[in-house]
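Structure at a glance
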Amino acid sequence: MCKQAHVARSAYYKWLNHKPSKREERDQKILKRIKEIAKSNNSLFGSPKMTMALNKELADCEGKIYRRTVARYVC
């Protein structure tokens, strides 16, 4: 199967056993919140307003979300 897909076996097994990192988990949470906010206001927020809305929702133990991170997902 790997030969037909032109993928190395080691790469396949690395992908198969991959565990998401803390950053990937955090990014998925941020993306989910961005989609919820965009749906609630008909996608009228740009990245600066979206960043402000996300930071208002944050708990004290979570780190601040920066505009460039939000802009990466809004695009």
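Residues numbered from 1 in each chain as written. Predicted model: local features only at pLDDT ≥ 70, side-chain atom pairs only at ≥ 80, totals over all residues. Heavy atoms only, no water.

- In the annotation of an unreviewed UniProt entry, the entry for the chain reads HTH-like domain-containing protein, and the organism field reads Lactobacillus gasseri 224-1.

What to know about the packing of aromatic side chains
- Across all of its chains, the model carries 2 aromatic pairs by this definition.
- With 5.1 Å between their ring centres and 70° between their planes, Tyr12 and Tyr13 make a pair best called edge-to-face.
- Among the residues examined, Tyr12 registers a relative accessible area of 25% and is labelled partly exposed.
- When its relative accessible area of 47% is taken as the criterion, Tyr13 is described as partly exposed.
- Aromatic side chains Tyr12 and Trp15 sit 6.0 Å apart centroid to centroid with 35° between the ring planes, which places their arrangement in the tilted category. Residue Tyr12 and its partner Trp15 are both found in helix H2 (residues 9–16); the two are separated by 3 residues, about one turn of the helix.
- By way of ring pairs, the aromatic residues Tyr12, Tyr13 and Trp15 are connected into one cluster.
- Geometry around Tyr73 places Arg72 over its ring, the cationic atom sitting 5.0 Å from the centre. (Phe/Tyr/Trp six-rings, centres within 6.5 Å; stacked < 30°, edge-to-face > 60°. Buried < 20%, exposed > 50% of the residue type's maximum accessible area, 1.4 Å probe, protein only. Helix = DSSP H or I, 4+ residues; strand = E, 2+ residues; numbered from the N terminus. Lys NZ or Arg CZ within 6 Å of the ring centre and 35° of its normal.)

Digging into the UniProt feature "domain: HTH-like" (unreviewed entry) in the chain
- Per the UniProt annotation, the sites labelled "domain: HTH-like" (unreviewed entry) are residues 25–57.
- Annotation note: span residues 25–57, helix share 82%, strand share 0%, distance between end C-alpha atoms 18 Å. (UniProt positions renumbered as here; feature names shortened; annotations may be inferred.)

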